[in-house]
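Below are the chains, spelled out letter by letter.
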Amino acid sequence: VETMRNMPLHKALVTPIGDYNMPYLYFLLLVSRLPIYDLYGIKLLSVLADVFAALAVAKLTGLVTKKPERLLLAFASALLAPTMLLNGAYWGQCDSVYGALSLWGLYFGLTKRPVWCLSLLALSFAFKLQAVFLLPIVAFLLVMGYLRPKHLPVFPAVFLAAMLPALLAGRSFSDTFSIYL
């Protein structure tokens with residue numbers, strides 16, 4: 001963040017800094033421009049993602065039960081899980097961002113909203129490579145009829161759109177995508 005703060009916007013987008021994927025680097029660039037303590041900005045994203053992930057868990061739970069106490073228990077259990085608290089609020093890691101995007105993608109897939117499903121799964125993958133392990137969900141949703149093959153191009157389109165700001169700023173294709181190697 002400090003390195004980005006001392007660079008013009010354009011240069012910060014094209015300079016390879018760290019080993020984060022582009023969406024997270026966009027966020028770090030935003031933090032570098034805000035008048036707040038860097039660590040607070042970084043942790044804020046993680047904590048907000050924790051809340052959105054817990055909301056997704058509650059919504060997914062709502063697909064199998066309508067009992068409010070169970071929805072609240074699912075939300076609270078997800079939000080207050082020790083790994084969730086340590087990873088986001090304490091360590092400031094960004095895992096809950098791709099996790100929340102993946103969970104919401106699953107929710108929208110199971111509720112037969114394929115464009116939202118694939119868009120969120122693509123953003124999850126754009127954010128963190130580990131989302132690749134959740135991609136079998138797409139095969140399941142296809143087999144079950146929740147998605148159709150005609151919807152599949154949404155995934156690469158959204159993924160590439162997430163990389164577009166860096167590419168348009170002049171970042172090389174290899175610098176943009178080699179992070180996945």
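1. Considerations on helix H6 (residues 82-90)
For an α-helix, the turn length of 3.6 residues means that residues three or four places apart are oriented alike. Looking at H6, one finds that the buried residues are Met84, Asn87 and Gly88. For H6, the angular spread of the buried residues around the axis is 85 degrees, confining them to a single face. Counted as exposed and oriented over 90 degrees from the buried face of H6: Pro82 and Tyr90. Residues of H6 that are buried make contact with helix H4 (38-62), helix H5 (68-79) and helix H7 (95-110). Count one or two residues on from H6 and you reach Gly92, which has phi positive near 70 degrees.

2. Concerning the pattern of salt bridges
For the structure shown, the criterion picks out three salt bridges. Between Glu2 and Arg5 there is a salt bridge, with its nearest N and O atoms 2.7 Å apart. In this pair, Glu2 and Arg5 are both assigned in helix H1 (residues 2-5), three residues apart and thus about one turn of the helix distant. The partly exposed category is assigned to Glu2, whose relative accessible area is 45%. A relative accessible area of 28% means that Arg5 is categorised as partly exposed. Between Asp95 and Lys128 there is a salt bridge whose closest N-O contact spans 2.6 Å. Of the two residues, Asp95 is situated in helix H7 and Lys128 in the loop between helix H8 (114-127) and helix H9 (136-144); the sequence distance between them amounts to 33 residues. Its relative accessible area of 16% is what places Lys128 among the buried residues.

3. Points about the nonpolar core
Where a protein is soluble and globular, its nonpolar side chains tend to be buried together. Formed by 46 residues in total, the largest nonpolar core has its most connected members in Tyr24, Leu28, Phe159 and Met163. Going through the elements one at a time, helix H2 (9-14), helix H3 (22-33), H4, H7, H8, H9 and helix H10 (154-169) are the ones with two or more residues in this core. With near-sequence residues (within four places) excluded, Met163 lies in contact with Met22, Pro23, Tyr26, Ala126, Thr176, Phe177 and Tyr180.

4. Remarks on the packing of aromatic side chains
For the structure shown, the criterion picks out 15 aromatic pairs. A centroid spacing of 5.8 Å and a plane angle of 70 degrees characterise the contact between Tyr24 and Phe127, whose relative ring orientation is edge-to-face. Placement of the pair is Tyr24 in helix H3 and Phe127 in helix H8, with a sequence separation of 103 residues. Each member of the pair, Tyr24 as well as Phe127, is classed as buried. Here Phe159 and Tyr180 contribute two aromatic rings whose centre-to-centre distance is 5.7 Å and whose plane-to-plane angle is 65 degrees, an arrangement assigned as edge-to-face. In this pair, Phe159 sits in helix H10 while Tyr180 sits in the segment after helix H11 (173-177), placing the two residues 21 residues apart along the sequence. Residue Phe159 is classed as buried on the basis of its relative accessible area of 11%. These aromatic residues form a ring-pair network of at least three members: Phe125, Phe155, Phe159, Phe173, Phe177 and Tyr180. One residue, Lys43, lies across the ring of Tyr90, its end atom 5.9 Å from the ring centre.

Thresholds applied
- Residues numbered from 1 in each chain as written.
- Predicted model: local features only at pLDDT ≥ 70, side-chain atom pairs only at ≥ 80, totals over all residues.
- Heavy atoms only, no water.
- Buried < 20%, exposed > 50% of the residue type's maximum accessible area, 1.4 Å probe, protein only.
- Helix = DSSP H or I, 4+ residues; strand = E, 2+ residues; numbered from the N terminus.
- Arc of directions from axis to C-beta.
- Contact = heavy atoms within 4.5 Å.
- Salt bridge = Lys/Arg side-chain N within 4 Å of Asp/Glu carboxyl O.
- Core = buried A, V, L, I, M, F, W, Y, C linked by side-chain atoms within 4.5 Å.
- Phe/Tyr/Trp six-rings, centres within 6.5 Å; stacked < 30°, edge-to-face > 60°.
- Lys NZ or Arg CZ within 6 Å of the ring centre and 35° of its normal.

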